[in-house]
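# Per-entry structural report
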Amino acid sequence: MNAIRQPIIVVMGHVDAGKTSLLDRIRGTTVAAREAGAITQHIGATEVPVEIISRISGALLGKYGFKLNIPGLLFIDTPGHEAFTHLRERGGSIADLCVLVVDAIKGLQEQSFEALNILRTFKTPFIVAMNKIDNIAGWKTADASFTANLAQQNAYALEALDKKLYEVVGQLHARGFNSERFDRCENFTQQIPIIPVCSKSGEGIAEVLVFLSGLSQKFLESELALHVKGAARGSVLEVNEERGLGTTIDIILYDGTLHAKEEIAVLGRAGVITTKVRAILKPRALEQMGTGEKFFNVLEAHAASGIKISAPLLENAIAGSPFIAVSSEKDIEELKKESREIKIESDVAGVVIKADTLGSLEAMVKLLQNAGLKIRFADLGAISRNDVMCALAVRENDAEKAVIFAFNVPALPEALQEAEKKGIKIFSGNVIYRLIEDYTQWIELFKEQARKQKEAELIYPFAFKILPGMVFRNSKPAVAGIHVTSGKIKPGVEIMNENGEIVGKVESLQSEGKTLHEAGKGDEVAIAISGATIGRQISENETLYSAITQKGLAKILQNADMFSSEEIELAKKLFEKLKSTEEEGN
């Protein structure tokens, strides 16, 4: 049987849902249960050995039919979306599983939906930890498994828990995910287990560890297969400046073995960086931190582990970059190819994307493409004037796509100035879900404004009758009460009579003393007509029409979706009426 590594676990969820406290509780529970030296220290990660999982979980493994062969679990210490997107591997993620932390009282919130979008995009399986169950009315929490503590609750508390849990089930269902309380799941391939937990007391932590272990082993065995003696592969979590070491990179090693002095390659802002490992560093155990040295050297590191690498030329390395030990020129070429795949440059009428890291750039590209948007340009770094000009070039063909998305990056002053001057919209923030939502709202507003502008340029066909006994002024302008028999009247439109002769122009419309922008079929309003005298050119009881020219009719037919079939037919008749009069005059 091939060796398998620890599954790599990321914790995600909305701010204040308890991601950090859950991680702290897992670390605390693990430390409390360990024997001296049982826990391996990692950079940016916490390893929970399988022996400790077995000890904490007690009979739960047998109850749910899990027999563990994995060496343990490797939790990424930094919770949230950023850590997840840094754990990237050729369009996917090296994170094997995710714990989505949800507040039991508040349910799924904005960043929870963001997490769901990212997890779906990267096809990462997850479980839900419904945290803060101690806030549920009547619930008595305890430092025990949820399964054991369930029997201590009264009927009122159990009902209150189910009410909150099935609200979360409903929210997940609305997003296309089928879920159920973990002990009621009938099929783990089709249902996402929801585990009620309390990170304060430790209730439910045992179930979290059991289900992460059992499900990863049951469904992810091929992904966990390890090439112990193979070339090291990993993902750059962070790029840091360390006193006495210079620029270092923190990586999660997910395959192979890395040796000191080995040649490595990562992506940098200007392309692929190749360098030699000066030192492989691991953190000292907590009780050794007082020695003044935070790290100690090791000669080699095996997957899965979190390590710090000191090497020259790492100043421009990028978080989220793949990391490889170089065995041949082919490895470097592969990395160069990936670099070209991530950056997008095209001539399509699409949006511009700028992001801070490779992972967030890739997530932005995928989620926007899933939303049906084409990408013209995507790259790392602050928004430049060139990015604005790139968006401006798109506006000629598709004004809706002439926008810039900026994820966690600023805009240079000259770029902001140019964007304001040229009217290029910039959507910036650190929640992808919110950026897309803001863009959707802007598009609706943009379309409405474009529709109104187009509508203002159109001459609507109309017919109205001057009501008898409703003449208020005969001329300069003529003012009378009218009944709109067809179409839509707007000020500024020339009026003709039954014979197709121009008799005046609509100056204004009023109803109950208020000025109107338009009046539709069936309305009775007051109209002011310039250039006409009632009793000469026009008279009471007469039906008058809009003068539809050839150009006006062409615009109506081009925008047929804005008119009813009745209005289009009326426009054609009115054009013929006007046309025949003009021909007679010639």
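The structure presented is a predicted model; accordingly, all values stated were derived computationally and were not measured.

### Some points on helix H11 (residues 385-395)
Listed in full, the buried residues belonging to H11 are Asp 387, Val 388, Cys 390, Ala 391, Leu 392 and Val 394. Buried residues belonging to H11 abut strand E21 (351-355), strand E22 (375-380), strand E23 (403-407) and helix H12 (413-422).

### Here's the deal with empty space enclosed by the protein
Enumeration over the complete set of coordinates arrives at one cavity of 30 Å³ or more. The volume enclosed by the largest cavity comes to roughly 30 Å³. Looking at the largest cavity, the residues that line it are Phe 464, Ile 466, Ala 478, Val 479, Ala 480, Ile 482, Ile 527, Ile 529, Ile 534 and Ile 538. Within the residue set of the lining of the largest cavity, elements represented by two or more residues are strand E25 (462-473), strand E26 (478-489) and strand E31 (524-530).

### Here we look at the packing of helix H2 (residues 50-57) against helix H8 (residues 205-219)
Between H2 and H8, the least distance of the axes is 9 Å, while the angle of their chain directions is 130°. On the basis of their axis angle, the class for H2 and H8 is oblique. Crossing hand, H2 versus H8: left-handed. For the pair H2 and H8, contact is made by Ile 53, Ile 56 and Ser 57 and by Ala 206, Leu 209, Val 210 and Ser 213, respectively. Class assignment of the residues belonging to the contact of H2 with H8 gives a composition of five nonpolar, two polar and no charged.

### Looking at the pattern of salt bridges
Per the stated rule, a full pass over the model turns up 24 salt bridges. One salt bridge connects Lys 163 with Glu 167, and the closest N-O pair in it is separated by 3.2 Å. Here Lys 163 pairs with Glu 167, and both are found in helix H7 (residues 155-174), just four residues apart, close to one helical turn. Judged by relative accessible area, Lys 163 falls into the exposed class, the value being 53%.

### Here we look at the packing of aromatic side chains
Two aromatic rings, taken as a pair, are described by how far apart their centres are and by the angle between their planes. Applying the stated criterion across every chain yields a total of 16 aromatic pairs. A cation over a ring is seen here: Arg 175 above Phe 113, with NZ or CZ 4.1 Å from the ring centre. In this structure, Lys 425 packs its charged tip against the face of Phe 427, placed 5.5 Å from the ring centre.

### Points about the pairing of strand E18 (residues 305-310)
Across the six residues that make up E18, a large majority, six, are buried. Burial along E18 is two-sided: Ser 305, Ile 307 and Ile 309 and Gly 306, Lys 308 and Ser 310, pointing in opposite directions, are all buried. As paired elements, strand E11 (residues 246-255) and E18 share six bridges and run antiparallel to each other. Of the residues in E18, the one forming a bridge with Thr 248 is Ser 310. Pairing analysis gives three bridges linking strand E15 (residues 279-283) to E18, with the strands arranged antiparallel. Along E18, the bridge assignment pairs Ile 280 with Ile 309.

### Some details on the sheet that holds strand E3 (residues 72-76)
The strand order E2-E3-E1-E6-E7-E9-E8 describes an open sheet built from seven strands, whose pairing is mixed. In this open sheet, the two edge strands, each paired with only one partner strand, are strand E2 (45-49) and strand E8 (179-181). Each neighbouring strand pair of the sheet contributes to a mean axis angle of 30°, computed without reference to strand direction. Sheet topology places strand E1 (residues 8-13) next to strand E6 (residues 97-103); five bridges connect them, and they run parallel. In the strand pairing of E6, Gly 13 is matched with Val 101.

### Some remarks on the sheet that holds E21
The five strands are arranged E20-E22-E21-E23-E24 in an open sheet whose pairing can be described as mixed. Here the strands that pair on one side only, and so sit at the sheet edges, are strand E20 (344-345) and strand E24 (425-429). Inspection of the sheet shows E20 paired to E22 by two bridges, in the antiparallel sense. Counterpart to Glu 345 in the pairing with E22 is Phe 377. This element, helix H10 (residues 358-370), spans E20, E21, E22 and E23 of the sheet and lies at about 165° to E22.

### Let's talk about the confidence of the model for the protein chain
When pLDDT is averaged across the protein chain, the result is 86; 91% of the residues are at 70 or more. Taken as a whole, residues 34-40 scores under 50 in pLDDT and shows twelve contacts with residues more than four places along the chain or in a different chain. Predicted confidence for residues 286-292 stays below pLDDT 50, and this span has four contacts to residues more than four positions away or in other chains.

### So, the pairing of E3
A large share of E3 lies buried, amounting to five of its five residues. Neither face of E3 is left uncovered, since the one carrying Gly 72, Leu 74 and Ile 76 and the one carrying Leu 73 and Phe 75 both have all their residues buried. Summarising the sheet, E1 and E3 pair through two bridges and their orientation is parallel. Within E3, the position partnered with Ile 9 by the bridge is Phe 75. Here E2 pairs with E3 via five bridges, running antiparallel. In the sheet register, Ala 45 faces E3, and the bridge partner there is Ile 76.

### Some points on the nonpolar core
With 113 residues, the main nonpolar core has Phe 75 and Phe 405 as its most contacted residues. Among the elements that take part in this core, H8 stands out by supplying eight residues, more than any other. Apart from the residues lying within four places of it in its own chain, the contact partners of Phe 405 are Val 351, Val 352, Ile 353, Lys 354, Met 364, Leu 368, Leu 373, Phe 427, Leu 435 and Tyr 439.

Cut-off values and rules
Residues numbered from 1 in each chain as written. Predicted model: local features only at pLDDT ≥ 70, side-chain atom pairs only at ≥ 80, totals over all residues. Heavy atoms only, no water. Buried < 20%, exposed > 50% of the residue type's maximum accessible area, 1.4 Å probe, protein only. Helix = DSSP H or I, 4+ residues; strand = E, 2+ residues; numbered from the N terminus. Contact = heavy atoms within 4.5 Å. 1 Å grid on protein atoms, 1.4 Å probe; cavity = no way out; pocket = protein on both sides within 12 Å on 5 of 7 lines; lining within 4 Å. Points joined across faces, edges and corners; volume = space filled by probe spheres on them. Axes fitted to C-alpha atoms, helices over the stretch in contact; angles between N-to-C directions. Parallel < 35°, antiparallel > 145°, perpendicular 65-115°, else oblique. Left-handed = near helix turned anticlockwise from the far one by under 90°. Nonpolar A, V, L, I, M, F, W, Y, C, P; charged D, E, K, R; others polar. Salt bridge = Lys/Arg side-chain N within 4 Å of Asp/Glu carboxyl O. Phe/Tyr/Trp six-rings, centres within 6.5 Å; stacked < 30°, edge-to-face > 60°. Lys NZ or Arg CZ within 6 Å of the ring centre and 35° of its normal. Pairing = 2+ DSSP bridges. pLDDT = per-residue confidence, 0-100. Core = buried A, V, L, I, M, F, W, Y, C linked by side-chain atoms within 4.5 Å.

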